[in-house]
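Observations on the model geometry
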Amino acid sequence: IDNLKKLIAYIVKSIPVPRHQSKVLFPLPYYNQLIDISEPYFKDMTELGDNPIILLHNLSIDQIYCLFKLLIFEQKILIVGKSNDLVAQIILNFASLLYPFEWLHTFIPIMSEKMLKFLQAFLPFFNGINYSLFSKAIPVLAKAAKGVFIFNIVEHTININSNYKNNTKKINTS
């Protein structure tokens, strides 16, 4: 097991991630041939959100950590903010943080009024909405299955709407 740990540490510390449309050749201990790692053939999620600093400027470390955990555990997440651009940038940058994994569920960085019905999905989602539409989203959430985490960028709060009777519980992010 120690040799396996050393091998993993070597790979993580010594081998760079290949750049766009490139290949990296590297030797492995106890292996006579060079190993190559090339860029995956699928769309690189790291290109979605190109400015992770936006997260640090608008969220606390505890909030980033909490939202990242919610994404890893594939929860239903709704981001609410006053600026469509900011909401979209935060969602796209969080999607990039998941790399090399991908979000395979509903993913709508900015929802229109006609898209609010997607908040009733029983599968996980990661959606954003403008604060002006949030009052229209509450009745839709009332009909949805429970467990939607609502992160309000304006108020810096994360709530879970437990029974959708306009009753929310604040989640402690620390």
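Each value, and the rule that gives it
Residues numbered from 1 in each chain as written. Predicted model: local features only at pLDDT ≥ 70, side-chain atom pairs only at ≥ 80, totals over all residues. Heavy atoms only, no water. Phe/Tyr/Trp six-rings, centres within 6.5 Å; stacked < 30°, edge-to-face > 60°. Helix = DSSP H or I, 4+ residues; strand = E, 2+ residues; numbered from the N terminus. Buried < 20%, exposed > 50% of the residue type's maximum accessible area, 1.4 Å probe, protein only. Lys NZ or Arg CZ within 6 Å of the ring centre and 35° of its normal. Expected span 1.5 Å × (residues − 1). Arc of directions from axis to C-beta. Contact = heavy atoms within 4.5 Å. Patch = residues over 30% accessible without salt bridge, like charges linked within 9 Å, V, L, I, M, F, W, Y side chains within 5 Å. Areas by Shrake-Rupley, 256 points an atom, 1.4 Å probe, with all protein chains shown as cover. Salt bridge = Lys/Arg side-chain N within 4 Å of Asp/Glu carboxyl O.

A separate point is the packing of aromatic side chains. For the coordinates displayed, the defined rule picks out two aromatic pairs. Ring centres 6.0 Å apart and planes at 45° place the aromatic pair Phe107 and Phe126 in the tilted group. Note that Phe107 is positioned in strand 4 (residues 106-108) and Phe126 in strand 5 (residues 125-130), a separation of 19 residues in sequence. In this structure Phe126 comes out as buried when scored by relative accessible area, which is 2%. An aromatic cluster of at least three residues, connected via ring pairs, comprises Trp103, Phe107 and Phe126. Above the plane of the ring of Phe118 lies Lys117, whose end atom (NZ or CZ) is 6.0 Å from the centre.

Residue Glu74 is not a glycine yet carries a positive backbone phi of 50°. Position of Glu74 relative to the elements: it lies in the loop between helix 3 (61-72) and strand 3 (76-81). Taking relative accessible area as the criterion, Glu74 reaches 42% and is therefore assigned partly exposed. The backbone of His156 shows a phi angle near 55°, a positive value even though the residue is not glycine. In this structure, His156 sits in the loop between strand 6 (148-152) and strand 7 (157-161). A relative accessible area of 41% means that His156 is categorised as partly exposed.

To continue, consider helix 3. The end-to-end C-alpha separation of helix 3 is 16 Å, in line with the 16 Å expected for 12 residues at 1.5 Å each. Every buried residue of helix 3 is accounted for by Gln63, Ile64, Cys66, Leu67, Leu70 and Leu71. For helix 3, the buried positions fall inside an angular range of 165° around the axis, keeping them on one side. Buried residues belonging to helix 3 abut helix 2 (53-58), strand 3, helix 4 (84-97), strand 5, strand 6 and strand 7. Where helix 3 terminates, the next one or two residues include Glu74, which has phi positive at roughly 50°.

Quick look at a nonpolar patch on the surface now. A cluster of nonpolar residues, Ile53, Leu56 and Ile61, forms a patch on the protein surface that exposes about 300 Å² of accessible area. Here Ile53 lies in helix 2. Ile53 sits in the partly exposed class, given a relative accessible area of 45%.

Glancing now at the pattern of salt bridges. Within this structure, the stated rule accounts for one salt bridge. The salt bridge involving Lys136 is made with Glu113; its shortest N-O contact spans 3.3 Å. Of this pair, Lys136 sits in helix 5 (residues 131-142) while Glu113 sits in the loop between strand 4 and strand 5, placing them 23 residues apart in sequence. For Lys136, a relative accessible area of 41% corresponds to the partly exposed category.

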